[in-house]
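Structure assessment
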Amino acid sequence: MKVEVISILDIVLWILIIACFIFSFIGLVYPIIPSVLVIWVGVMLYHFGINSNELSWISWTMLALLTIVLFLADYLANLHFVDKAGGSKWGMRAATIGLIVGSFVIPPFGVIIVPFVLVLIVEMLQKKSFAESTKVAFATLIAFLSGTVAKGVIQLIMIGVFVFDVIL
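Residues numbered from 1 in each chain as written. Predicted model: local features only at pLDDT ≥ 70, side-chain atom pairs only at ≥ 80, totals over all residues. Heavy atoms only, no water.

Moving on, we get to the confidence of the model for the protein. For the protein, per-residue confidence averages 89 on the pLDDT scale, and 98% of positions sit at 70 or higher. The secondary-structure element of the protein with the lowest mean pLDDT is helix α4 (residues 89-102), recorded at 85, while helix α2 (residues 35-49) shows the highest, at 96. (pLDDT = per-residue confidence, 0-100. Helix = DSSP H or I, 4+ residues; strand = E, 2+ residues; numbered from the N terminus.)

If you trace the backbone, Ser-24 turns up in helix α1 (residues 8-29). What makes Ser-24 buried here is its relative accessible area of 0%. If we skip the residues at most four places from it in the chain, Ser-24 touches Ser-35, Val-38, Ile-39, Gln-155 and Ile-159. (Buried < 20%, exposed > 50% of the residue type's maximum accessible area, 1.4 Å probe, protein only. Contact = heavy atoms within 4.5 Å.)

Moving on, we get to the nonpolar core. When a protein is soluble and globular, its nonpolar side chains tend to lie buried together. Phe-21, Val-43, Met-158 and Phe-162 are the most contacted members of the largest nonpolar core, which has 17 residues in total. Mapped by element, the contributors of at least two residues to this core are α1, α2, α3 (57-84) and α6 (130-167). In terms of residue count, the dominant contributor to this core is α6 (six residues). Phe-162 has contacts with Trp-14, Ile-17, Phe-21, Val-43, Tyr-46 and Leu-55, leaving out every residue within four places of it along the chain. Core analysis: the second largest hydrophobic core is formed by 10 residues, Ala-95, Leu-120, Val-122 and Ala-139 among them. (Core = buried A, V, L, I, M, F, W, Y, C linked by side-chain atoms within 4.5 Å.)

Tallied over the entire structure, the rule returns six aromatic pairs. For the ring pair Phe-21 and Phe-162, a centre distance of 5.3 Å and an interplane angle of 75° mean the geometry is edge-to-face. On the criterion of sequence distance, the pair formed by Phe-21 in helix α1 and Phe-162 in helix α6 is long-range, its members being 141 residues apart. The exposure class assigned to Phe-21 is buried, which follows from its relative accessible area of 9%. For Phe-162, a relative accessible area of 1% gives the class buried. For the pair Tyr-46 and Phe-162, a centre-to-centre distance of 5.3 Å together with 85° between the ring planes defines the contact as edge-to-face. Highlighted residues: Tyr-46 in helix α2 and Phe-162 in helix α6, separated in sequence by 116 residues. With respect to class, Tyr-46 is no different from Phe-162; both count as buried. (Phe/Tyr/Trp six-rings, centres within 6.5 Å; stacked < 30°, edge-to-face > 60°.)

So this is what it looks like as structure tokens:
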């Protein structure tokens, strides 16, 4: 029977890995935190700090593909809802700026309120009616929320792939 000795370093690394995974979900509310990058930091801590032979090529491939899907889900949600509502390129830029600024203003509600207000203003400056501008602003809000839910699910799957491969 093989007994593995767990070192203090392993415990510290596991605490950091778990913290990275938790922190990645905080990034869903604070978009300034690169959630998927934080997950990858946790995976790399495990790979380079605990066991470089544990994770299979299937896990690495799945994590890479899920990362791509995560970026696509976020981008496509924004593109779909904002384009469907008739939003302008300036409106989409305003939403992006609003997410960044909103992360610091009235957290965590700023990521909802600031982009909404900025998109509303920018679309009205584009000579759209108040009703059209409001429609685009709500579409931006729905895009953010649906993208956030999709990213959260994909992040859970990524963490699940990692945990599954480490345990088995």
